[in-house]
2 protein chains.
Amino acid sequence: MLKEAIYHRPKDAFAYAYDERTLHIRLRTKKDDVDIVYLLFGDPYVWKDGAWQFDKQSMQKSGCDALFDYWFIAVQPPHRRLRYGFELHAGEDVLIYTEKGFYKQAPTDDTAYYFCFPFLNRIDVFHAPSWVRDTVWYQIFPERFANGNPHLNPPNTLPWGSVEPTTTSFFGGDFEGIIERLDYLVELGINGIYFTPIFKAPSNHKYDTIDYFEIDPQFGDKQTFKRLVEACHAKGIRVMLDAVFNHSGYYFAPFQDVLKNGAKSRYKDWFHIREFPLQTGPIPNYDTFAFVPEMPKLNTENPEVKQYLLDVATYWIREFDIDGWRLDVANEVDHQFWREFRQAVKAIKPDIYILGEIWHDAMPWLRGDQFDAVMNYPFTNGALNYFAKENVKASEFAHTIVNVLHNYPNNVNEVAFNLLGSHDTPRILTQCGEQKEKVKLMFTFQLSFSGSPCIYYGDEIGLTGGQDPLCRKCMVWEKEKQDRDIFAHVQTLISLRKQYRALRFGEFHMLEANDTTNHIAYVKTYDDETIVCVLNNADTSLTWTVPFSLKDKTVINLWTNECMSEQTINIEPYGFLMLLVQPTSAV
Amino acid sequence: MLKEAIYHRPKDAFAYAYDERTLHIRLRTKKDDVDIVYLLFGDPYVWKDGAWQFDKQSMQKSGCDALFDYWFIAVQPPHRRLRYGFELHAGEDVLIYTEKGFYKQAPTDDTAYYFCFPFLNRIDVFHAPSWVRDTVWYQIFPERFANGNPHLNPPNTLPWGSVEPTTTSFFGGDFEGIIERLDYLVELGINGIYFTPIFKAPSNHKYDTIDYFEIDPQFGDKQTFKRLVEACHAKGIRVMLDAVFNHSGYYFAPFQDVLKNGAKSRYKDWFHIREFPLQTGPIPNYDTFAFVPEMPKLNTENPEVKQYLLDVATYWIREFDIDGWRLDVANEVDHQFWREFRQAVKAIKPDIYILGEIWHDAMPWLRGDQFDAVMNYPFTNGALNYFAKENVKASEFAHTIVNVLHNYPNNVNEVAFNLLGSHDTPRILTQCGEQKEKVKLMFTFQLSFSGSPCIYYGDEIGLTGGQDPLCRKCMVWEKEKQDRDIFAHVQTLISLRKQYRALRFGEFHMLEANDTTNHIAYVKTYDDETIVCVLNNADTSLTWTVPFSLKDKTVINLWTNECMSEQTINIEPYGFLMLLVQPTSAV
Ligand SMILES: [Ca+2]
Ligand SMILES: [Ca+2]
């Protein structure tokens, strides 16, 4: 057995409290190197005749990637304390793996050899709102979704959808337009809206905040926003806003004060200023988002700034009853701020969803003390590479997905914000070379995968466009110009997802990832619900053989509601199967 | 190159802020598998002609253990942001290692491939009090250090040192006795005292608290304690108390109330009670420390309990000006409690030292939001195995030490609480089979190693004793009964440690670990200060050859103050060398 490949370190993704009674333990070994893994585990204080007493239980292989196998087990220690090690078997070879290293036999003279989960304290359990894993999100870029009130149109507003958007164009989208279109969203089936920023800001994207306590007048006023939230809630739709707390806009009053009064400004410590007077170029002499002088970084370590932003965060919850905060550039703000942010917002709305924008490995933010979830870009990129760009084959995609799932605890994965597109990426139909069957296949994967999926406005009716600003086109409302085929596809997927818990938060296992045919097959299970999905990501049809005997089983094609009777079935190019598998007796 | 062995994951011990400007990056590779490692790094927002711009700098090998090599580099990103990857060379082979996996060439089309340290926020930097790394601690078990006031002796107090201690014996140690003996400690050279518990409690060890706001009357009153702290401070000695917050004692008033009033007690939620009425056996039906019914676990998630304990923590700082809290059974208390504990105590005394009792891997408590340090038992066990029990050879000890150093960030290691013995372990002289030369060699290692070393009372004068209660004998004050040779040895070591920063917090590099001779050699460096230590852990003498040319160098034996002129030197059994190495021109 390759010792160098064996990895475990509590806590994070390898040993964590799944709930108030259950610990999850994972182990990594070299791929195809180990046959059986047992967890050796016991209460640290249970001894008999001078020997520590432990149990032994076999772990399940939960997935593999190019280099490694991953093993999993759930245990419920009666006294919420655990010492544990691993017993690995490869043929006749046996290896004991502990915190102190490798042994031939499990030591019993001391528990200090073993890994430790000292106590399962309830307050430390990662705990996201339970509604999130039942939610399908819809992302709205308010300037481009619907124009319901022309009186609010900003100067130089262009006729709706008349031209391709530029970085500076305005088309007049507003809250009234969104309210008018809520029935469309209900018809689609979504039950959460994520709004990109709505606070007062000069740009069309509003990431350059002037006033965090004001609605941008082009969208409406606070009363209209209240009406919007209430209308959403009445239809069972949650509302998430975008918190741009890493930096303010250039016209944010405190920054203007610093520009004007320099070192004498009472706001000079609200930002990270290296020297006075402020200079915007060639590189700003104050910290900014990227090197954008119009986006000065806020000093979130300053207690005044902290209080101001926490007031903002709680104000929109208290006064408007919003259900989530999406945190822009969350990774560049200090952890201490986010810990206090979590305390503050959860204190007034315990089931609010805290979603961080982090594009890379985000474990340090997902330990239960900061965010509930991050935007799952590794998922996004994996799906785009495999389905859209086709620059990776089935097995590499399978490895990416296994990695995505093993990078974080399961309770984190269950509420991951799984997006395919956003205002920051080219339209998925464009990335798919306008082959809509590929877009449909991506949606099939996204909406059968665990987590909290999000649909970027317009992707469901086939909007196109390259990198922003082109991916921020006006929503198309004329039915004849919408791709109703994609719409119906997404609608059906959402409705199946609502029906089957296995689709929403079932355990995911990759069954097949075939580089020759380029198809994948995976199973989602929850309690006695088992759903098998087969995705034929190729321009040729696939003859697929069910990898288990149909005898004694009833297999229903959820798309056609037909019962499957043949062991082999044909799947058309970019087609798929979604099969509910039940023991025949249960039907 | 063995890809399975290559490991890096931000943040923790592999990518961390060392100070407000400096990031430390580490990488792990298979032992002797990689020749050169370069860090590829740059600001995520610096691009030119569509390509991300990065620098390249070679990393240093910082150590090895049985399986792995470790690589290190410090970088100071001008805008406090970093994306980075690794370029590994083995002969002609080149491998790029990033967050997204392995590549043949470094990708420049996207920074998303790379590992990310998004922003070096000052408030998130691990920051322990600077005085800690300059401190040599002395642990006092107050019942056994000195009896200065016979009037306070508890009933049945035995004559000082008249018999071996049992679990229930009292010898009458008290604060007055400690005050009288402070000059002895000054003579030894220590500048911090860690007191095991002093609050009102029935046992001799006082880990079974009755009242956290009262001094145990056998030790004295609050005035005497204040006098003790002031006397310590006057002599430059810091004072650390023991906080037993995981559990109370059986006679703690709230627990007594629950015992009496059961489910009707207003304190019923102060503990973790599974059912009423309380039963102490066979296994208590309430959570306890281990299965000890007299030590009911406190419910630190209960806001009332939390407030009570935080009041305790701040009371002893505010009223008595203590300098540190050692946290008993710290690993079984919730992280959230410790985060609030840190905020509360640092708010009133920013440079207070927070030391957790954790015997296993403690990374989750050492991320800057909870503890400053933990009791470094992996260091203790490594030293005991190599020096005392001699059940591991030089190389295995070297690997343990390298592991100890690579498990945590350097700024954590610099304040680690490095102990050889305590009230929980047999006396080191006893573990050394009463061979005092071995004890002296252990002290030489401990006091030349980084961190904050601690001497258990009496070890410096050769007290003996097995597992507790035997390791808690009365301190011996008759000079003729003290081992003055060990005392003088420790005294010299402490004085050299005070003189040389390289000894206190210099970088540690293992030079030699020879299993044939069983000697080790290591170098400590700080700025231009270089000290080489050679420890001959064998019962035969060692002929040691200086592993560098003496030409152009002046090498001073710090123990004898002699200048070393020969390339080869003899070291007697269990002897050692401590050499200050300087360029001749500098002398
Ligand atoms: Ca409008
Ligand atoms: Ca006394």
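As the structure is a prediction and not an experimental result, all values here were calculated from the model.

**A short note on the sheet that holds strand E27 (residues 553–557) of chain B**
Residues and elements named next belong to chain B.
Next, step 1: Ordered in space as E23-E24-E25-E30-E27-E28, the six strands form an open sheet in which the pairing is antiparallel. Looking at the sheet topology across the chains shown, the edges are occupied by strand E23 (507–514) and strand E28 (562–563).
Next, step 2: Looking at chain direction, E27 and strand E30 (residues 576–583) are connected through five bridges and run antiparallel. Note that in E30 the partner of Ile 556 across the bridge is Leu 580.
Next, step 3: Where helix H8 (residues 394–406) meets the sheet, its contacts fall on E23 and strand E24 (519–526), and the angle it forms with E23 comes to roughly 165°.

**Observations regarding the coordination of the calcium ion (ligand 2)**
Residue and element names in this part refer to chain B.
Next, step 1: Looking at the calcium ion (ligand 2), one finds its protein donor set to be Asn 147 (OD1), Asn 149 (O), Asn 153 (OD1), Gly 172 (O) and Asp 174 (OD), positioned 2.3 to 2.7 Å from the metal centre.
Next, step 2: Spacing between the donor residues of the calcium ion (ligand 2) along the chain follows N-x1-N-x3-N-x18-G-x1-D.
Next, step 3: Accessibility expressed as a relative area gives 19% for Asn 149, which makes it buried.

**Points about the interface of chain A and chain B**
Next, step 1: Every contact between the two is made by 57 residues of chain A and, on the other side, 57 residues of chain B.
Next, step 2: Both sides of the chain A and chain B interface together cover about 5,300 Å² of buried area, and 51% of this is carbon and sulfur.
Next, step 3: In this structure, the connection of chain A to chain B is made through twelve salt bridges.
Next, step 4: Salt-bridge contacts for B:Arg9 lead to A:Asp361; the nearest nitrogen and oxygen are separated by 2.7 Å.
Next, step 5: In this assembly, chain A and chain B are joined by 33 residue pairs in polar contact (both at pLDDT 80 or more).
Next, step 6: Breaking the side of chain A that touches chain B down by element, the ones donating at least two residues are strand E2 (23–30) and helix H6 (335–348) of chain A.
Next, step 7: Broken down by element, the side of chain A that touches chain B gets its largest block of residues, four residues, from H6(A).
Next, step 8: Residues that form the side of chain A that touches chain B fall into these classes: 22 nonpolar, ten polar and 25 charged.

**So, the pairing of strand E9 (residues 82–90) of chain B**
Residue and element names in this part refer to chain B.
Next, step 1: Burial of E9 is extensive: nine of the nine residues sit out of reach of the surface.
Next, step 2: The pairing of strand E3 (residues 36–42) with E9 spans seven bridges and is classified as antiparallel. Following the sheet pairing, Leu 40 is matched in E9 by Gly 85.
Next, step 3: Where E9 and strand E12 (residues 115–117) come together, three bridges link them in antiparallel fashion. Of the residues in E12, the one forming a bridge with Arg 83 is Cys 116.
Next, step 4: Pairing geometry for E9 and strand E10 (residues 93–98), over five bridges, is antiparallel. Counterpart to Phe 86 in the pairing with E10 is Tyr 97.
Next, step 5: What sits between E9 and E10 in their antiparallel hairpin is a turn of two residues, with Gly 91 showing a positive phi close to 60°.

Here is what the cut-offs are and how they apply
Along every chain, residues carry numbers that run from 1 in the direction the sequence is written. The naming scheme follows written order: chains are lettered A onward, ligands numbered 1 onward. For a predicted model such as this one, the threshold for reporting local features is a pLDDT of at least 70, and the threshold for listing and counting side-chain atom pairs is 80 or more; totals across whole chains, interfaces and linings nevertheless cover every residue. The basis for every side-chain value is the complete set of heavy atoms in the structure, and neither hydrogens nor water enter the calculation. Two strands qualify as a pair provided DSSP detects at least 2 bridges between them. Secondary structure elements follow DSSP: runs of H or I no shorter than four residues count as helices, runs of E no shorter than two count as strands, and numbering proceeds from the N terminus. Two residues qualify as a contact provided that any one of their heavy atoms is within 4.5 Å of a heavy atom in the partner residue. Simply put, an axis is a line fit to the C-alpha atoms, just over the touching stretch for a helix, and the angle between two N-to-C directions goes from 0 to 180 degrees. Only nitrogen, oxygen and sulfur atoms within 2.8 Å of the metal, or 3.2 Å for Na, K and Ca, are treated as donors, and water is left out, so sites may look incomplete. Buried means the residue's accessible area, taken with a 1.4 Å probe over protein chains only, is under 20% of the maximum for its type, while exposed means over 50%, and partly exposed covers the values in between. By convention, the term buried area covers the 1.4 Å-probe accessible surface removed from two parts as they join, with the contributions of both added. What makes a salt bridge here is a side-chain nitrogen of Lys or Arg within 4 Å of a carboxyl oxygen of Asp or Glu, nothing more. Polar contacts, as counted here, are pairs of nitrogen or oxygen atoms within 3.5 Å of one another; within protein the pair requires one atom able to donate a hydrogen and one able to accept it, and residues that are adjacent in sequence qualify only if both atoms are side-chain atoms. Polar here means any residue outside two lists: the nonpolar Ala, Val, Leu, Ile, Met, Phe, Trp, Tyr, Cys and Pro, and the charged Asp, Glu, Lys and Arg; Gly therefore counts as polar.

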